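Read off the chains here:
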Amino acid sequence: MLMFKEISTNLKVVKDNIARAAHASNRSPNDITLIAVSKTHSSDAIRILLDEGHKTFGESRVQEAINKWTQLKADYSDVKLHFIGPLQTNKIRKVVEIFDVIQSVDRLKLAELLSKEMKNLGHFPECLIQVNIGEEVQKSGVSPQEADSFIDICTNKCNLPIRGVMCVPPVDVDPKPHFDLLREIAKRHRLSVISMGMSRDYETAIQCGATHVRVGSAIFGQRIM
Ligand SMILES: *Cc1c(COP(=O)(O)O)cnc(C)c1O
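Residues numbered from 1 in each chain as written. Predicted model: local features only at pLDDT ≥ 70, side-chain atom pairs only at ≥ 80, totals over all residues. Heavy atoms only, no water.

(A) Here's a closer look at the overall build of the protein chain. Summing up its helical and strand segments, the protein chain has nine helices and eight strands in all. Computed over the C-alpha atoms, the radius of gyration of the protein chain is 17 Å, within 12% of the 17 Å expected from 2.2 N^0.38 for a compact globule of 225 residues. By its C-alpha atoms, the protein chain is 50 × 40 × 30 Å across when sized along the principal axes. Looking at the protein chain residue by residue over its 225 residues, the buried ones come to 52%. For the protein chain, the proportion of contacts with a sequence separation of at least 24, taken over those separated by at least 6, is 60%. Per element, the accessible surface of the protein chain, about 10800 Å² overall, is 49% carbon and sulfur. Across the protein chain, the mean location of the 30 positive side-chain charges is 3 Å away from that of the 27 negative side-chain charges. (Helix = DSSP H or I, 4+ residues; strand = E, 2+ residues; numbered from the N terminus. Rg over C-alpha atoms; globule rule 2.2 N^0.38 Å. Buried < 20%, exposed > 50% of the residue type's maximum accessible area, 1.4 Å probe, protein only. Contact = heavy atoms within 4.5 Å. Areas by Shrake-Rupley, 256 points an atom, 1.4 Å probe, with all protein chains shown as cover. Lys, Arg positive; Asp, Glu negative; His and termini not counted. Charge placed at Lys NZ, Arg CZ, Asp CG, Glu CD.)

Here it is in structure tokens:
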């Protein structure tokens, strides 16, 4: 568990690194959104960042997110909460209620139910398609080959507000070709959001065109759970 002072120092370091990586690729740091991934971390740790004006967060477990963010969203305005975990169909209603962006749309059944629930609730969180960019058996996401038709179906048949794509590349390999592939998929569909890059590789992701990076441990410290 990090001291609160370390968390705010880490935020500054990560922001500086993002700015440097952006400039190195002739991009504006303003075009890159830092999503602070707060899964497993306490509301008190999250409040450190909120008090400093950081408003964009990622969570991957629905119940945990509800437990923490019902109060946090009441206490702070303009929070943007991204759902970045695997989404079970029995949790869809809660996800649509509390999240502002859903990054893990990865199968037809889910897309259909999301569409239905959004209409019921009158709340339309932006959606990203998760691509299993390295085609790993243990990871969720549509395969890169299926991505084009799945994006079309989600947009035109399910009428979901699809804004972009996200991926988690395989560990222990150069992520660059995977990031390049995701950017190409986004480009083909004129999607503006490219969510890629985590603590270990967000600078490379920015070099490859990431518009959103999802950084957890580099800000909050190692997760124990
Ligand atoms: C946990 C998680 C992250 C953050 O990982 P770190 O390595 O701690 O930065 C990013 N994206 C997804 C999908 C995650 O599950």
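(B) Examining unusual backbone geometry more closely. The residue Asn 26 is not glycine, and still its phi comes out positive at about 55°. Relative to the helices and strands, Asn 26 resides in the loop between helix H1 (4-24) and strand E1 (33-37). Phi is positive for Asp 78, which is not a glycine, with a value near 65°. Looking at where Asp 78 falls in the secondary structure, it is placed in the loop between helix H3 (62-75) and strand E3 (80-83).

(C) Quick peek at the nonpolar core. With 66 residues, the main nonpolar core has Trp 69, Val 105, Leu 114, Ile 129, Leu 160 and Ile 219 as its most contacted residues. Among the elements that line this core, the one with the most residues is H1, at six residues. Aside from chain neighbours lying at most four places away, what touches Val 105 is Leu 110, Ala 111, Leu 114, Cys 127, Leu 128, Ile 129, Gln 130, Phe 150, Cys 154 and Leu 160. Counting residues in each nonpolar core, the second largest holds six residues, with Ile 84, Val 101, Met 166 and Val 193 among its members. (Core = buried A, V, L, I, M, F, W, Y, C linked by side-chain atoms within 4.5 Å.)

(D) Highlighting the pairing of strand E4 (residues 101-105). Most of E4 sits out of view: five of its five residues are buried. When E3 meets E4, the two strands line up parallel, connected through two bridges. The residue bridging His 82 from the neighbouring strand is Val 101, located in E4. As paired elements, E4 and strand E5 (residues 126-130) share three bridges and run parallel to each other. What sits directly across from Ile 102, in E5, is Cys 127. Running through helix H5 (residues 108-121), the crossover from E4 to the neighbouring parallel element E5 is right-handed. (Pairing = 2+ DSSP bridges. Right-handed = clockwise from strand over helix to strand, strands pointing away.)

(E) Main features of the site of the ligand. Taken together, the residues surrounding the ligand are Val 37, Lys 39, Ile 84, Val 168, Met 198, Ser 199, Arg 214, Val 215, Gly 216, Ser 217 and Arg 223. Taking Ser 217, its main chain carries an N or O atom lying 2.8 Å from an oxygen atom of the ligand. Protein chains shield 88% of the accessible area of the ligand, which is 390 Å² for the free molecule. Looking at the shell around the ligand residue by residue, the class counts come to five nonpolar, three polar and three charged. (Near = heavy atom within 4 Å. Polar contact = N/O pair within 3.5 Å; in protein donor to acceptor, adjacent residues only side chain to side chain. Nonpolar A, V, L, I, M, F, W, Y, C, P; charged D, E, K, R; others polar.)

(F) Representation of the environment of Arg 188 in the model. Mapping Arg 188 onto the fold places it in helix H7 (residues 176-188). For Arg 188, a relative accessible area of 48% translates into the label partly exposed. With 40 residues separating them in the primary sequence, Arg 188 and Asp 148 have C-alpha atoms 8.4 Å apart. At 3.2 Å, the side chain of Arg 188 and the side chain of Asp 148 are in polar contact.

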